[in-house]
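Residue-level structural notes
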Amino acid sequence: MDAHSRGRDDIDPADQWVLNPETGNYELRLNPSGPQSGDRSPSGSEPATGRTRRRDSLPEQSSRRRSQQQSPPQSPRRDVPGQRSRRAGGNGQDGGPGSGPQTAAGRRKRKQQKSRRKKALMWTGGVTAFVLVGGSVATYLLYEHFNNNINKIDVVGGTSGSTKDRAVNILLIGTDKRTGKGNEGYGDKGSVGHADTNILFHVSKDRTNATALSIPRDLITDIPDCQVKESDGSTRTIPGTPQVRFNTSLGQDDRDPGCTMKTVKAITGLTVDHFMMADFNAIKTLSTAVGGVDVCVAHPVDDKESHLKLPAGTSKVEGEQALAFVRTRHSFGNQGDLDRIKVQQQFLGSLIRKMTSGDTLTSPSKLYSLANAATKALTVDSGIGSIDRLKSLALDLKSVNPKNVTFTTLPVLDNPAEKVHATVVVNHAQADPLFSMMRDDVSLTEVKKEKKAAAGKQEALLKGSQANASDVRVKVLNGGAQPGSAQTTLTWLQNSEGVLKSENGGNYKPDLAKTTLTYAPNQADQARKLADIMGLPASALKPGTKDSVGLTPMTLVLGADFKAAGTPIAAPTKAPADIQKVEADKSICAR
């Protein structure tokens, strides 16, 4: 209750807040001339606490005022200054401790404009403080809510720290485990959670493009040895298994997503930085959160296995229907897993378009639903296992335009060891160039002119005169290639290519993902010759700024992309003509 509500119009509401010189805080004063409200109890028997007493009831306030009027003056002390009054009286300050009785003769005209300014400031400050404090609390609670939604697994492998200024590889895994309400009829009844759907999402270093590579679950491959972390922090090695289905890289023999990440690296040569794993609920909740996803079928679908019913043309699916769409295979193509992969790619491309559309980004309710659904549906590695880290990753990758996101499928062949084809094997003739393009950040789509110009400038380093092989001086080091690669390369250069002025520099640390050749400006002709001999891409050339002196050699560091002496490292500039691919910004009808 303030002064106005007690019928006292002579007190400015802003003046009811006064500075306590002992604490340095502003406190609410209701008595215009008495000491600080917390300095004594209404009866004068309680010790001072230095805190402002609450106005709990009107009777108590009336009793307090009577008590204060009847009590004798207290011993001098450093009290809170009294409130100013609009009525002058006595010889003291307005409303101060030395003020005399106030009379009508001492009445002054109100400074109405000043009072209004004070009221405005008081209300503005109060409302602002409320909004800021309330907003901060709400933001904190929302942050904690999303943070607590996230499930994470601490795996051996992957990377930590910032993803900026380097290419990023994220493995998306969909399991066939029957977890979550309403999922009893999906997947394998007794599944431990195999890697049913697998997409390696590679984002280029300059963030202009991305490639989403689907890996068939029925691919026959070698599962390498892998380590899993126990609850006590120790690690346990799970022996690898040769020539089995790819989907057993997860769940089988207690393998965790780190084992799947390691299997993907063994197949593609790309180090997987992070994983995101989802069960059946992810498709249902994410599609619902964005208000449905547009899909297209070339003919009416009535699938008895997945229970999907759709008319020909474009339809909007969400929830159970969205899950049925991505699980349908008997109604499309040859009714196998490879055609179901195409349907899944179509769905994900449409989901990406919907998530990045203005309709979603400008709707607070959709954004909340999407964030809530995503954090509940996903299990991630500890490297991105918090809202802050996921947000940092998202902000880093947000510049990739959907039109430069290409979905493709690992090129495969029917397994020649089977009479009845149920599994597939890698088609290396098509897959190896594709892997090389991904490792070298070559987009499967046309990207902006700035990148083309930069690539053209780098390619110019290979143009010009070349030195004789016998004049090339180079030191060869192993910086991530197979053990012994430096020596075998040196032997090959000297005995087969005539590069006699070469030497073994030993090992280079830290390991590099890609092979590099560092040279001085006056060694450019030697660099072009060695690049021609080794089959180095233009991106491997690292020219210096100062000329070399004397017999200083160039430095060749063999990175993880180096396969063998005589095997070119240069990535192709175009993907094989007949591989399956589709851009995320295009809508394709499933057939």
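Residues numbered from 1 in each chain as written. Predicted model: local features only at pLDDT ≥ 70, side-chain atom pairs only at ≥ 80, totals over all residues. Heavy atoms only, no water.

1. Remarks on the sheet that holds strand β27 (residues 581–583)
Spatially, the 8 strands line up as an open sheet ordered β5-β18-β13-β6-β7-β8-β19-β27, and their pairing is mixed. Each end of this open sheet is capped by a strand with a single partner; those strands are β5 (151–153) and β27. Strand-to-strand twist of the sheet, defined as the mean angle between neighbouring strand axes without regard to direction, takes the value 20°. Sheet topology places strand β7 (residues 195–203) next to strand β8 (residues 210–214); 5 bridges connect them, and they run antiparallel. The residue of β8 that forms the bridge with Phe201 is Ala212. Of the strands in this sheet, β7, β8 and β19 (405–409) touch helix α10 (residues 428–439), which is tilted by about 145° from β8. (Pairing = 2+ DSSP bridges. Helix = DSSP H or I, 4+ residues; strand = E, 2+ residues; numbered from the N terminus. Axes fitted to C-alpha atoms, helices over the stretch in contact; angles between N-to-C directions. Contact = heavy atoms within 4.5 Å.)

2. Here's the deal with the pattern of salt bridges
Where charged atoms from two side chains of opposite charge come close, those side chains can pair. In this structure the tally under the stated criterion is 19 salt bridges. Of the charged contacts in the structure, one is a salt bridge between Asp218 and Arg245, with a shortest N-O distance of 3.0 Å. In this pair, Asp218 sits in the loop between β8 and β9 (220–223) while Arg245 sits in strand β12 (residues 241–245), placing the two residues 27 residues apart along the sequence. Close ionic contact of Asp254 with Arg236 constitutes a salt bridge, the shortest N to O distance being 3.8 Å. Placement of Asp254 in the loop between β12 and α3 (257–268) and of Arg236 in strand β11 (residues 235–238) is noted, with a sequence separation of 18 residues between them. With a relative accessible area of 53%, Asp254 lands in the exposed category. (Salt bridge = Lys/Arg side-chain N within 4 Å of Asp/Glu carboxyl O. Buried < 20%, exposed > 50% of the residue type's maximum accessible area, 1.4 Å probe, protein only.)

3. Side note on the state of the cysteines
In a disulfide, the sulfur atoms of two cysteines are covalently bonded to one another. Enumeration according to the criterion identifies 2 disulfides in this entry. Cys226 shares a disulfide with Cys259; S-S distance 2.0 Å. When the S-S torsion is 80°, as for the bridge of Cys226 with Cys259, the disulfide is right-handed. In this pair, Cys226 sits in strand β10 (residues 226–229) while Cys259 sits in helix α3, placing the two residues 33 residues apart along the sequence. (Disulfide = S-S within 2.5 Å.)

4. Quick word on empty space enclosed by the protein
Over the atoms rolls a probe the size of a water molecule, and in doing so it shows where empty space is left. A complete count under the given rule lists 3 cavities of 30 Å³ or more for this structure. Taken as a whole, the largest cavity encloses approximately 50 Å³ of empty space. Every residue along the wall of the largest cavity is listed here: Asp196, Thr197, Asn198, Ser214, Ile215, Pro216, Arg217, Asp337, Arg340, Ile341 and Gln344. Only β7 and α6 (337–355) provide two or more residues apiece to the lining of the largest cavity. The greatest single-element share of the lining of the largest cavity, amounting to 4 residues, is contributed by α6. Computed from the structure, the second largest cavity encloses a volume of approximately 40 Å³. If you list the elements that add at least two residues to the lining of the second largest cavity, you get α6 and β27. Looking at the lining of the second largest cavity element by element, the count peaks at 5 residues for α6. (1 Å grid on protein atoms, 1.4 Å probe; cavity = no way out; pocket = protein on both sides within 12 Å on 5 of 7 lines; lining within 4 Å. Points joined across faces, edges and corners; volume = space filled by probe spheres on them.)

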